[in-house]
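Per-entry structural report
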Amino acid sequence: MVCLGNICRSPLAEGILQAKLDSNKYFVASAGTSSHHKGEQPDPRSIRIAEKYNIDISQQSSDHFSINHFDAFDFIYAMDQSNYKNIIKLARNISDKQKVKLILDELNLDKNLEVPDPYYGGDQGFENVFKMLNQACENIALKLQ
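This text gives an overview of the structure that appears in the document.

1. Regarding the nonpolar core
Generally speaking, a soluble globular protein has its nonpolar side chains buried in company with each other. By size, the foremost hydrophobic cluster in this structure holds 28 residues, and its most contacted members are Met 1, Leu 12, Leu 17, Met 79, Ile 103 and Leu 133. Those elements giving two or more residues to this core turn out to be helix H1 (9-20), helix H2 (44-52) and helix H6 (123-144). Considering each element in turn, this core owes the most residues, 8 residues, to H6. Discounting chain neighbours no more than four positions away, the residues touching Leu 133 are Arg 9, Leu 12, Ala 13, Ile 16, Met 79, Ile 103 and Val 115. Within the second largest apolar cluster, 12 residues are counted, among which are Phe 65, Phe 70, Phe 73 and Leu 102.

Rendered as structure tokens:
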């Protein structure tokens, strides 16, 4: 799960998907295309909205997306077009590129919809983002199981 800073959207997506999967069979992680927040906890608003739905993301820490993620993961979900393009720029080959998708394409195939960044918005923005990601992660979990 990849967004810009790895403190709002992608930590939520990581927590939501992990809650839907058997952690003994699946490893879910998140990262940001920017290293600005590396090592930081998720935004307190992301932590609160996850807690509202009984998901604990408070122990996550921001990571920076790197070429190594292509080797470590089978699927890479970008939250928006900008981050999708930043990930694709790092791809070494067609195999790397085929791993990358926009997460909301799991809801509306090839519509190129984006998860809005709630950072500068209020609590309702985080609620809306949670709901979008929850639906997309439900589809991903169903495909994986």
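2. Examining the packing of aromatic side chains
Applying the stated rule across the entire model yields 4 aromatic pairs. On the basis of an interplanar angle of 20° and a centroid distance of 5.8 Å, the ring pair of Phe 27 and Phe 73 is categorised as stacked. Of this pair, Phe 27 sits in the loop between H1 and strand S2 (31-32) while Phe 73 sits in the loop between helix H3 (68-72) and strand S3 (76-78); the two residues are 46 residues apart in sequence, bridging distant segments of the chain. Overall, Phe 27 belongs to the exposed group, its relative accessible area being 65%. Phe 73 gets classed as buried once you look at its relative accessible area, which sits at 16%. For the pair Phe 65 and Phe 70, a centre-to-centre distance of 5.4 Å together with 90° between the ring planes defines the contact as edge-to-face. For the pair Phe 65 and Phe 70, one class covers both residues: buried. The ring of Tyr 119 is capped by Arg 45, whose NZ or CZ atom sits 5.4 Å from the centre of that ring.

Reading the values: the criteria
Within every chain, residues take consecutive numbers counted from 1 along the sequence as written. For a predicted model such as this one, the threshold for reporting local features is a pLDDT of at least 70, and the threshold for listing and counting side-chain atom pairs is 80 or more; totals across whole chains, interfaces and linings nevertheless cover every residue. Side-chain descriptors were evaluated using all non-hydrogen atoms of the structure, hydrogens and water having been removed beforehand. The criterion is simple. A nonpolar core is a set of buried Ala, Val, Leu, Ile, Met, Phe, Trp, Tyr and Cys residues joined through side-chain atoms within 4.5 Å. Working definition: with a 1.4 Å probe on protein chains only, accessible area under 20% of the residue-type maximum means buried, over 50% means exposed, and in between means partly exposed. Each helix is a run of H or I in the DSSP string that is no shorter than four residues. Each strand is a run of E no shorter than two, and both are numbered from the N terminus. Here, residues are in contact when the closest pair of their heavy atoms is within 4.5 Å. Any Phe, Tyr or Trp ring, taking Trp's six-membered ring, that has another such ring centre within 6.5 Å forms a pair; planes under 30 degrees apart are called stacked, those over 60 apart edge-to-face, and the others tilted. Lysine NZ or arginine CZ positioned within 6 Å of the ring centre and within 35 degrees of the ring normal marks a charge as sitting over the ring.

Nothing here speaks to function; it is geometry throughout.
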